[in-house]
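# Per-entry structural report
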Amino acid sequence: DTGVSQNPRHKITKRGQNVTFRCDPISEHNRLYWYRQTLGQGPEFLTYFQNEAQLEKSRLLSDRFSAERPKGSFSTLEIQRTEQGDSAMYLCASSKRTSGPFTGELFFGEGSRLTVL
Amino acid sequence: SQQGEEDPQALSIQEGENATMNCSYKTSINNLQWYRQNSGRGLVHLILIRSNEREKHSGRLRVTLDTSKKSSSLLITASRAADTASYFCAPFDAGNMLTFGGGTRLMVKP
């Protein structure tokens, strides 16, 4: 396994611009999760996919946030019209397909840090 | 899903000492997991303890689980400077996602 890969690792943008983050999960991991983490806090769940289906998106922070996983492999998280409050680390995680019950164990990427000026 | 609450929020010890951090949660679980996060990095899974287990070891890590008290503890023995990180517990209740509390920030001084 090459691990969960996130790009870019750092993004600095001006308020009002759109940004997109990409996550490549561990191959054959069927579930993919997005979290946001602000300084000194724990990760906050945003959304998750099972294969290409987005099964939970009610916790996306606003309608400016959207995520896709078009072919059930990589995923993108887009933030439109960024605000300074969007500055945070955006973490992606994936989990294994198992024949037994899902255990919830997650494999995280290194994150994409967003700074909105 | 439910999140765990870690205690203490911060812990500072000398290298070689043991570090103990605690986690409390609210409802029944299938398992409880501990993760570590080095500054500016992603989370790394450390250990998973099932609801029918009371204690589990992995190297210098010892995790206990008391389902009657809805609590868990993580003990790191003979700590090293490299153990400096934030530690998060994640109770899993057979939902579809993990949620995290604020974590315990451990500093191990050389």
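The coordinates are above.
First, a word on what this report is: a plain description of the structure on this page. (Residues numbered from 1 in each chain as written. Chains lettered and ligands numbered in written order. Predicted model: local features only at pLDDT ≥ 70, side-chain atom pairs only at ≥ 80, totals over all residues. Heavy atoms only, no water.)

## Looking at the side chain of A:Thr76
Residue and element names in this part refer to chain A. Stated formally: Starting at the N terminus, helices and strands are each numbered in turn, a helix being any DSSP run of H or I of at least four residues and a strand any DSSP run of E of at least two. Between buried and exposed lies partly exposed: a residue is buried under 20% and exposed over 50% of the maximum accessible area for its type, with that area taken using a 1.4 Å probe on protein chains only. Between two residues, a contact is recorded if the distance between any of their heavy atoms is within 4.5 Å.
The topology assignment puts Thr76 in strand 8 (residues 75-79). We classify Thr76 as buried; its relative accessible area is 19%. Discounting residues that sit within four places of it in the chain, Thr76 has contacts with Thr20, Phe21, Arg22, Trp34, Ser66, Ala67 and Glu68.

## Some thoughts on the sheet that holds strand 3 (residues 19-24) of chain B
Residue and element names in this part refer to chain B. Here is the rule we go by: Note: two strands are recorded as paired if DSSP finds a minimum of 2 bridges between them. For helices, the fitted axis covers only the stretch in contact; all axes are lines through C-alpha atoms, and the angles between them, taken along N-to-C directions, range from 0 to 180 degrees.
The antiparallel open sheet is built from 5 strands, whose spatial order is 1-3-8-7-6. Bordering the open sheet on either side are strand 1 (5-7) and strand 6 (55-58), each of which pairs with just one other strand. Across the sheet, the mean angle separating the axes of adjacent strands is 20 degrees when strand polarity is ignored.

## Let's talk about the interface of chain A and chain B
Short version of the rule: Two parts placed together each lose some accessible area under a 1.4 Å probe, and adding up what both lose gives the buried area. Throughout this description, the term salt bridge denotes a Lys or Arg side-chain nitrogen within 4 Å of a carboxyl oxygen of Asp or Glu. What qualifies as a polar contact is a pair of N or O atoms within 3.5 Å, subject to a donor-acceptor requirement within protein and to the restriction that residues adjacent in sequence count only when both atoms come from side chains. For this classification, Asp, Glu, Lys and Arg are treated as charged, while Ala, Val, Leu, Ile, Met, Phe, Trp, Tyr, Cys and Pro are nonpolar and the rest, including Gly, are polar.
The interface of chain A with chain B comprises 24 residues on the first partner and 22 residues on the second. Together, the buried faces of chain A and chain B total about 1700 Å²; carbon and sulfur atoms form 51% of this surface. Considering only the side of chain A, the residues that lose the most area to chain B are A:Thr103, A:Phe108 and A:Glu110, jointly responsible for 25% of the buried surface there. If you look at where chain A meets chain B, you find 1 salt bridge. With a closest N to O distance of 2.5 Å, B:Arg41 and A:Glu110 form a salt bridge. The interface formed by chain A and chain B contains 11 residue pairs in polar contact (both at pLDDT 80 or more). Elements that contribute at least two residues to the side of chain A that touches chain B include exactly strand 4 (31-37), strand 5 (44-50) and strand 9 (88-95) of chain A. No other element matches strand 4 of chain A, which puts 4 residues into the side of chain A that touches chain B. Across the side of chain A that touches chain B, the residue classes tally to 10 nonpolar, 7 polar and 7 charged.

## Some points on unusual backbone geometry
A cis amide bond links A:Asn7 with the next residue in sequence, A:Pro8, at an omega value of -10 degrees. Mapped onto the secondary structure, A:Pro8 falls in the loop between strand 1 (5-7) and strand 2 (10-13). Across the junction of B:Asp7 and B:Pro8, the peptide omega takes the value 0 degrees, indicating a cis bond.

## Topic: the pattern of salt bridges
Pairs may arise between side chains of opposite charge once their charged atoms sit close together. All names here are of chain A. Applying the stated criterion across every chain, the model contains 7 salt bridges over all chains. Of the charged contacts in the structure, one is a salt bridge between Arg36 and Glu44, with a shortest N-O distance of 3.5 Å. On the basis of relative accessibility, which here comes to 13%, the residue Arg36 falls in the buried class. Given the relative accessible area of 34%, Glu44 is considered partly exposed. Via salt bridges that share partners, Arg64, Glu83 and Asp86 belong to a single interconnected network.

## Some details on the sheet that holds strand 10 (residues 104-109) of chain B
Residue and element names in this part refer to chain B. On the basis of which strands lie adjacent, the open sheet formed by 5 strands has the order 2-10-9-4-5 and mixed pairing. Of all the strands in the sheet, the pair left with one neighbour each is strand 2 (10-14) and strand 5 (43-50). For this sheet, the mean angle separating the axes of adjacent strands, direction not counted, is 25 degrees. The pairing of strand 4 (residues 31-37) with strand 5 spans 7 bridges and is antiparallel. By the bridge assignment for strand 5, Arg36 is matched with Val44.

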